[in-house]
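# Tertiary structure, described
In case you want the letters, here they are:
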Amino acid sequence: MHQFNKLTIREVVLRFNREYSYRPAVSLTDSAPLTYQQLTSEIARLQVLLINMGIQKGDRVALLGSSSPNWVISYLAITSMGAIAVPLMPEFTPAEIGKSLNHSEATLLIATEKQLVRIEAEELPYLHHKILLDTFTVIDDNYLLDAPVLGPENLSVLPEAEVEEDDLAAIIYTSGTTGNPKGVMLTHKNIVFDALQGFSVQNLNTGDVLLSILPLAHTYENTIGMMMPLIGGSCVYYLDKPPTASILLPALAKVRPTAMLSVPLVIEKIYKNSVLPRFTKSGLLKKLYGIPVFRRLFHRIAGKKLMKTFGGRLQFFGIGGAKLDPTVEKFLREARFPFAIGYGLTETSPLIAGGIGKKISFQSTGPVLPDVKVRIDLSAGTEPGQGEIVVRGDNVMKGYYKRPDLTAEVLSPDGWFRTGDLGFIDQKGNLHINGRIKNMIIGANGKNIMPEEIESVINSYNYVVESVVVKKKDKLIAYVYLNRDEIEARLDEFIANARNSGRDAISNAEQAIDLFLKDLQKYVNERVNKFSQLQAVEYYPQPFEKTATQKIKRYLYY
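Bear in mind the structure is a predicted one, so any value in this text is a computation, not a measurement.

## Remarks on the overall build of the chain
Helix and strand content of the chain: 17 helices and 25 strands. Its C-alpha atoms give the chain a radius of gyration of 25 Å, within 12% of the compact-globule value 24 Å for 558 residues. The dimensions of the chain, computed from C-alpha atoms along their principal axes, are 85 × 50 × 50 Å. Each of the 558 residues in the chain was classed as buried or not, and the buried ones make up 57%. Of the contacts formed within the chain by residues at least 6 apart in sequence, a portion of 65% connects residues at least 24 apart. Carbon and sulfur atoms form 51% of the exposed surface of the chain, whose accessible area is close to 24500 Å². Across the chain, the 63 positively charged side chains and the 59 negatively charged ones have centroids separated by 9 Å.

## Regarding the sheet that holds strand S1 (residues 24-28)
In space, the eight strands of this open sheet follow the order S2-S1-S11-S10-S12-S13-S14-S15, with mixed pairing throughout. Unpaired on one side and paired on the other, strand S2 (34-35) and strand S15 (351-356) mark the two borders of the sheet. Here five bridges tie strand S14 (residues 339-344) to S15, and the two strands are oriented antiparallel to one another. Across the sheet, the residue bridging to Tyr-343 is Ala-353, located in S15.

## Side note on the packing of helix H11 (residues 292-309) against helix H12 (residues 326-334)
Where H11 meets H12, the closest approach of the two axes is 8 Å, and the angle between their N-to-C directions is 75°. Comparing their axes, H12 and H11 come out roughly perpendicular. Between H11, through Arg-295, Arg-296, His-299, Arg-300, Ala-302 and Leu-306, and H12, the contact on the second element is made entirely by Lys-330, Phe-331 and Glu-334.

## Considerations on the nonpolar core
Within the largest apolar cluster, 146 residues are counted, with the highest numbers of intra-cluster contacts made by Phe-16, Tyr-75, Leu-76, Leu-211 and Phe-337. For Leu-76, the contacting residues outside a window of four places in its chain are Ile-9, Val-13, Phe-16, Ile-43, Gln-47, Met-227 and Leu-230. Among the nonpolar cores identified, the runner-up in size contains 27 residues, and Ile-441, Val-457, Phe-494 and Val-524 belong to it.

## Regarding the side chain of Thr-407
Within the fold, Thr-407 resides in helix H13 (residues 404-410). When its relative accessible area of 13% is taken as the criterion, Thr-407 is described as buried. Among the polar contacts made by the side chain of Thr-407, one reaches the main-chain carbonyl oxygen of Arg-403 at a distance of 3.0 Å.

## Remarks on the sheet that holds strand S24 (residues 475-482)
Ordered in space as S23-S24-S25, the three strands form an open sheet in which the pairing is mixed. Sheet topology places strand S23 (464-472) and strand S25 (536-539) at the edges, where each strand pairs with a single neighbour. Adjacent strand axes in the sheet meet at a mean angle of 25° when their direction is disregarded. Summarising the sheet, S24 and S25 pair through four bridges and their orientation is parallel. Residue pairing in the sheet places Tyr-479 in a bridge with Glu-538 of S25. Contacts from helix H14 (residues 451-459) reach S23 and S24 within the one sheet, and its direction differs from that of S23 by about 145°. Helix H17 (residues 509-525) contacts S23, S24 and S25 of the sheet and is inclined by roughly 145° relative to S25.

## Focus: the environment of Tyr-271
Along the chain, the position of Tyr-271 falls in helix H9 (residues 264-279). You can call Tyr-271 buried: its relative accessible area is 5%. Measuring from C-alpha to C-alpha, the distance between Tyr-271 and Thr-327 comes to 9.3 Å, with 56 residues separating the pair along the chain. Here Tyr-271 is in contact with Leu-276, Pro-277, Tyr-289, His-299, Thr-327, Val-328 and Phe-331, once residues within four sequence places are set aside.

## Points about the packing of aromatic side chains
One pass over the full model with this rule turns up 17 aromatic pairs. Arranged with centres 5.4 Å apart and planes meeting at 45°, the rings of Tyr-461 and Phe-516 form a pair that is tilted. Placement of Tyr-461 in the loop between H14 and S23 and of Phe-516 in helix H17 is noted, with a sequence separation of 55 residues between them. On the basis of relative accessibility, which here comes to 4%, the residue Phe-516 falls in the buried class. Lying over the aromatic face of Trp-416, Arg-375 brings its terminal NZ or CZ to 4.8 Å of the ring centre.

## Some details on the pattern of salt bridges
Once the charged atoms of two side chains with opposite charge are near each other, the side chains can pair. Summed over the entire model, instances satisfying the criterion amount to 19 salt bridges. For the salt bridge of Arg-45 with Glu-42, the shortest nitrogen-to-oxygen distance reads 3.3 Å. In this pair, Arg-45 and Glu-42 are both assigned in helix H2 (residues 36-52), three residues apart and thus about one turn of the helix distant. Both residues of the pair, Arg-45 and Glu-42, belong to the buried class. When the shortest N-O distance is used, the salt bridge between Lys-402 and Glu-105 registers 2.8 Å.

## With respect to the pairing of strand S3 (residues 60-64)
Across the five residues that make up S3, a large majority, five, are buried. Side-chain alternation along S3 places Arg-60, Ala-62 and Leu-64 on one buried face and Val-61 and Leu-63 on a second face that is also buried. Sheet topology places S3 next to strand S4 (residues 84-88); five bridges connect them, and they run parallel. Note on S4: the bridge partner recorded for Leu-63 is Pro-87.

Thresholds applied
Residues numbered from 1 in each chain as written. Predicted model: local features only at pLDDT ≥ 70, side-chain atom pairs only at ≥ 80, totals over all residues. Heavy atoms only, no water. Helix = DSSP H or I, 4+ residues; strand = E, 2+ residues; numbered from the N terminus. Rg over C-alpha atoms; globule rule 2.2 N^0.38 Å. Buried < 20%, exposed > 50% of the residue type's maximum accessible area, 1.4 Å probe, protein only. Contact = heavy atoms within 4.5 Å. Areas by Shrake-Rupley, 256 points an atom, 1.4 Å probe, with all protein chains shown as cover. Lys, Arg positive; Asp, Glu negative; His and termini not counted. Charge placed at Lys NZ, Arg CZ, Asp CG, Glu CD. Pairing = 2+ DSSP bridges. Axes fitted to C-alpha atoms, helices over the stretch in contact; angles between N-to-C directions. Parallel < 35°, antiparallel > 145°, perpendicular 65-115°, else oblique. Core = buried A, V, L, I, M, F, W, Y, C linked by side-chain atoms within 4.5 Å. Polar contact = N/O pair within 3.5 Å; in protein donor to acceptor, adjacent residues only side chain to side chain. Phe/Tyr/Trp six-rings, centres within 6.5 Å; stacked < 30°, edge-to-face > 60°. Lys NZ or Arg CZ within 6 Å of the ring centre and 35° of its normal. Salt bridge = Lys/Arg side-chain N within 4 Å of Asp/Glu carboxyl O.

Right, dumping it as structure tokens:
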């Protein structure tokens, strides 16, 4: 385990400058990496600018832009001088950004030009200065023009600062799936402790190369995808454009990462759009794919191809942020793809539990981290042995910024945090997540229904991309977004199946979809308990709106 005198981000910077000075640290995919010594120098130079602009310990500095080496430099400069970072998601609306800036009373914003244009119309009374993230140029009119822009080149020592473990490092605003943003207060100890605990799941060292595809403003990527590699001396590459297939595939070929982090939606799309169609494109293949021994063989072949797509060196593919589709997990296991599962929340910095896929129970998130405690509050459960997951440890937040009322609802005086997630721990010690308490639907007969469990069944059906289960006029309804292109491409097959099964003739995609939804409803109701039976399945014509970690914003569809 890596040793620290104090669990602070400042100590992380001092340590990596000392331990890994000439090793590559961070880079864009088409650039030469900064070494750890150069990274430290850039952090120190930016701190000189912040100090000259009057930024002091405890001041809030907001950070808004896509993931990049300059984002990393900014975050480390802010936190390692004792100021408080306020990372904002680029996906936030201008109103959400303005609300977060005003609530945090951030006096300085470091943002890309693209993001600054978006918030020009917002009322921001506390914001006095702006710095362009792309170049670290001061762009506001009232800044003293004769002050230095950055510190001198090759500045190797951080300016003096007193930073303690319990000092706030970041206030993180989450729009979440409820639509009510809250500022989560994380201390230096929260973040560094959790990053160190991550090494119990997977060791990252100087031989590792990472490709980052998730927003650094989210705690998952921030702690596991940034702090862990910095502690281990790894090199992280960042894309300069959104991770579409045309951008991601060449980057994977060039970087050939040994480790990556993802959300389930990424690997689920790969499986449903690239893997599954290959094995169901003909009647013979489809029949063979239904036989376990052939399915495992097909998956093993697909796994080898997938490894080549990811550059051929991948040893760790971390999946978190939402539950992984069981069909996709079965594929990853049989394909021998090096995946791992993690569970956590922003309020827990974020990691609570995690494990390597082949070593943990199916559909679990792995064991709880070594120095984190979890208990199951059975009083909140809907099934025997299931209850609310409650956590205590040095990774648990200090509270919600300026909201002691909300903090008291979830955080007990002795430090136990109520996650709002239902789950259980199996006999092997693996934690399983069943869904969010706030998502729970009370059926017409008074029974508790977990929509995520029904959605898991729906999403395992061919051509389903995603779904949302809601209660509507005392009826359980599923909205389903389909892969319409695939259905239209295979329309002849649908027409033939309808004719051979003696159904009414169909001739177009609309009729095929109607028939498909009826079959889907029957498929689901044969696989869920009688309290979770769907009364209707409705076609939803476009992807559901999502958070930055690709979780559906459920409140929009209730």
